[in-house]
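Notes for the structure review
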Amino acid sequence: MLESIRVTGNSTVLPPKPKNERKVKRRHFSTLPKPKPRPQLSRSFEKGDDFSGKKFCILTAIKPTNLEKEKVRFFKSDYTYNPQFEYANPSLPSVLAKHSNATDRFLKQSINIMELTLQKYGSYEKFEQATGGSLLSKTRIWSHVRKYMMKEGCMGEIVVHLTEDLLSRASMTVVNGCPTLTINVCTAREHWLEGMLRHEIGTHYFRGINNLQQPWNSWTGRKKHELKPNNPTEEGLASIHSVLFRRDPFLWRAALLYYTVYRASHMSFCELFKDIGKFVKDPNTRWDYCVRAKRGWTDTSQPGADSAAAVCTHSGRGSRSPLSVWLLQEPGSAAVGTVQVGGSVPGSLAAGLGCFSKDQVYLDGILQILRYRETIDFHLLTALGKVSYEDVDRLKGLAVTENMRVPHFLQDHGRYMEHLEKIMEVNELTDRELKDLIY
């Protein structure tokens, strides 16, 4: 079930439900400042890759239509049944194949990060409770979001949806030209929520808005200026901001996503579910991670490329498009799923196997940014929009830098760098190690 609010200054209004549902009350916040006009992003900024004139959105396409049904069947089988996923319009398997290349390049680091976390907390569940705190009610989520938006000066610019139907913890997308933040209420914890807002608003939204002012704000502009793909920088930077001010900034989620994708390329769904049990005990959490890694594939019993890929063309009608240009800006790529392996040591690839490799981009990006943290200008990395850290020095002379939006947590450079050092320390990452891996 999806509920939404529109943060527009002096009121926050829940839209009316259908007549057969109970009536909801309107919520008012009379002390809020006058809102800024919400940015209207044109249709061109929602365009992903175009196939036969139809808008294409791989993240929408690879969400199974029978997910809940297969979950019930999987759990009833005592975790021995390999789900058979169905999709709205099975087609274009070649597109999915481009995003099935898992690498083991940072596998050692991902395992070490998770083992360090378990050594300190005993289990993921204890780590989650100790560092994440309690789950928040919808009222408290709205309160936290409002306070964060006021802190960043973006009240009234973003539509906020609360939902229980999301594989990720949150997503920042474009719906009908409006920036839209969707939050998974099932994972919104009191001590982690602001990190999520730094990830989605402080990183994705601000870089997206800044990108609108730049000469590379279109596919043509990016090609003209020869920009590198914005990932893994985009998700790496956002993931760092998720844990930036945590007491123990373990890179657990990025590490587990990386590990799960790699193992999914060699295992069936059931085997994968059992395998990640060494790191996560809760079956619902394990299910979510396995679905993320196996989404897009019909027969999850097979790890190989013979699995039937299911990808559909985007139907539009107000649905959100994670491939919106203003959010992703990856010219020439079929979708966000591409794992961009920087440097000259790509690691071995499990090419064409039954996994969706997009989730490896988080740890990949984190480690690349930490490797070059002393030379990256983080203010410019945000101000220049959807650019790779590798392009910042080359582009800064061409960029529009007046009135660019930079999040509050980047204002104190010294404090920011101290927390990057803490991330290195807590996760036992060394400069020598990163230099050997990334160059």
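Residues numbered from 1 in each chain as written. Predicted model: local features only at pLDDT ≥ 70, side-chain atom pairs only at ≥ 80, totals over all residues. Heavy atoms only, no water.

1. Structural notes on the overall build of the protein
Note the following rule: Secondary structure elements are taken from DSSP: a helix is a run of H or I of four residues or more, a strand is a run of E of two residues or more, and numbering for both begins at the N terminus. To sort residues, take the accessible area from a 1.4 Å probe on protein chains only and compare it with the maximum for the residue type: under 20% means buried, over 50% means exposed, and anything in between is partly exposed. Any two residues whose heavy atoms approach within 4.5 Å at even a single point are treated as in contact. Here the Shrake-Rupley method, with its probe set to 1.4 Å, supplies the accessible areas, and only the displayed protein chains count as covering residues.
A tally of regular secondary structure across the protein gives 17 helices and 10 strands. Within the span of the protein, comprising 439 residues, buried residues form 58% of the whole. Within the protein, residue pairs in contact and separated by at least 24 positions form 77% of the contacts whose partners lie at least 6 positions apart. Accessible area for the protein stands at about 18,700 Å²; split by element, carbon and sulfur atoms hold 50% of it.

2. Considerations on the nonpolar core
Basically, it comes down to this: Nonpolar cores were defined as sets of buried Ala, Val, Leu, Ile, Met, Phe, Trp, Tyr and Cys residues, with membership established by side-chain atoms within 4.5 Å.
Among the nonpolar cores identified, the biggest contains 103 residues, and Ile 201, Trp 252 and Phe 378 are the most heavily contacted of them. A per-element tally of this core places helix α10 (residues 252–264) first, with 10 residues.

3. Observations concerning the pairing of strand β9 (residues 178–184)
Quick reminder of the rule: Two strands are said to pair when DSSP picks up at least two bridges between them.
Buried residues dominate β9, accounting for 7 of its 7 residues. Covered by surrounding structure in β9 are Cys 178, Thr 180, Thr 182 and Asn 184 together with Pro 179, Leu 181 and Ile 183, the residues of both alternating faces. Note: strand β7 (residues 159–163) against β9, 5 bridges, orientation parallel. The partner of Leu 162 across the bridge, within β9, is Ile 183. In this sheet, β9 lies alongside strand β8 (residues 170–175) in antiparallel orientation, the contact comprising 6 bridges. Its bridge partner being in β9, Ser 171 is matched across the sheet by Thr 182. Two successive antiparallel strands, β8 and β9, enclose a turn made up of 2 residues, where Asn 176 displays a positive phi of approximately 50°.

4. Brief notes about the packing of helix α9 (residues 233–243) against helix α16 (residues 413–426)
The following threshold applies: Between the N-to-C directions of two axes lies an angle of 0 to 180 degrees, each axis being a line fitted to C-alpha atoms and, for a helix, fitted only over the stretch in contact. Between 65 and 115 degrees an angle is taken as roughly perpendicular, under 35 as roughly parallel, over 145 as roughly antiparallel, and anywhere else as oblique. Any residue outside Ala, Val, Leu, Ile, Met, Phe, Trp, Tyr, Cys, Pro, Asp, Glu, Lys and Arg is labelled polar, Gly included; the first ten of those are nonpolar and the last four are charged.
Packing of α9 against α16 leaves a shortest axis separation of 11 Å and a crossing angle of 90°. In this view, α9 runs roughly perpendicular relative to α16, as classed from their interaxial angle. Where α9 approaches α16, its residues Leu 237, Ile 240, His 241 and Val 243 are matched on the opposing element by Tyr 416, Leu 420 and Ile 423. Partitioned by chemical class, the residues of the contact of α9 with α16 number 6 nonpolar, 1 polar and no charged.

5. Points about the pairing of β7
Among the 5 residues in β7, 5 count as buried, and that is most of the element. Judged by which residues are buried, β7 turns out to be covered on both faces: Val 159, His 161 and Thr 163 on one side and Val 160 and Leu 162 on the other are all buried.

6. Some details on the packing of aromatic side chains
As a reminder of what qualifies: Here a Phe, Tyr or Trp ring, Trp counted by its six-membered ring, pairs with any other such ring whose centre lies within 6.5 Å, and the pair is stacked when the planes are under 30 degrees apart, edge-to-face when over 60, and tilted otherwise. We call a charge positioned above a ring when the Lys NZ or Arg CZ atom is no farther than 6 Å from the ring centre and deviates by at most 35 degrees from the ring normal.
Within the structure shown, the criterion is met by 23 aromatic pairs. Look at Phe 74 and Trp 287: their rings are 5.5 Å apart centre to centre, the planes differ by 40°, and that puts the pair in the tilted class. A residue pair is termed long-range when its members are at least 10 positions apart, and Phe 74 in helix α2 (residues 67–76) and Trp 287 in helix α12 (residues 283–294) qualify at 213 residues. Among the residues examined, Trp 287 registers a relative accessible area of 2% and is labelled buried. The rings of Phe 74, Phe 75, Tyr 79, Phe 85, Phe 269, Phe 273 and Trp 287 are connected pair by pair, giving a single aromatic cluster. If you follow Arg 286 out to its NZ or CZ, it ends over the ring of Phe 273, 4.3 Å from the centre. Lying across the ring of Phe 245, Arg 415 places its NZ or CZ 4.2 Å from the centre.

7. Looking at the confidence of the model for the protein
Our working rule: pLDDT expresses how confident the predictor is about each individual residue, on a scale running from 0 to 100.
For the protein, the average pLDDT comes to 80, and 72% of its residues sit at 70 or higher. Here residues 1–35 is a poorly scored stretch, pLDDT under 50, and it has 70 contacts once near neighbours within four places are set aside; other chains count. Here residues 304–346 scores under 50 on pLDDT; set against residues more than four positions off or in separate chains, the count is 170 contacts.

8. Overview of helix α5 (residues 124–132)
Quick reminder of the rule: Of all possible arcs, the one meant is that of the directions from the helix axis to the C-beta atoms.
Listed as buried for α5 are Tyr 124, Phe 127, Glu 128, Thr 131 and Gly 132. The buried residues of α5 all sit within an arc of 100° when viewed along its axis, so they share a single face. The inward-facing, buried residues of α5 abut α4 (107–121) and α10.

9. Focus on the pattern of salt bridges
Basically, it comes down to this: In what follows, salt bridge is the name for a side-chain nitrogen of Lys or Arg lying within 4 Å of a carboxyl oxygen of Asp or Glu.
Summed over the entire model, instances satisfying the criterion amount to 16 salt bridges. Where Lys 151 meets Glu 194, a salt bridge forms, and the shortest distance between an N and an O atom there is 3.1 Å. Pair noted here: Lys 151 is in helix α6 (residues 138–152) and Glu 194 is in helix α7 (residues 193–211), with a separation of 43 residues, a long-range link. Judged by relative accessible area, which is 31%, Glu 194 ranks as partly exposed. Salt-bridge contacts for Asp 359 lead to Arg 295; the nearest nitrogen and oxygen are separated by 3.7 Å. Of this pair, Asp 359 sits in the loop between β10 (349–350) and α13 (361–371) while Arg 295 sits in the loop between α12 and β10, and the two are 64 residues apart along the sequence. An identical accessibility class is assigned to Asp 359 and Arg 295; each is buried. The structure contains a network of salt bridges with shared partners spanning Lys 151, Glu 194 and Arg 198.

10. A closer look at the environment of Val 261
Considering the arrangement of structural elements, one finds Val 261 in helix α10. Taking the C-alpha atoms as reference points, Val 261 and Ser 100, separated by 161 residues in sequence, lie 9.1 Å from one another.

11. Here's the deal with the environment of Phe 127
With respect to the helices and strands, the residue Phe 127 is situated in helix α5. Under the relative-accessibility criterion, Phe 127 is labelled buried at 1%. The spacing of Phe 127 and Trp 252 is 125 residues in sequence and 9.7 Å in space, taken between C-alpha atoms.

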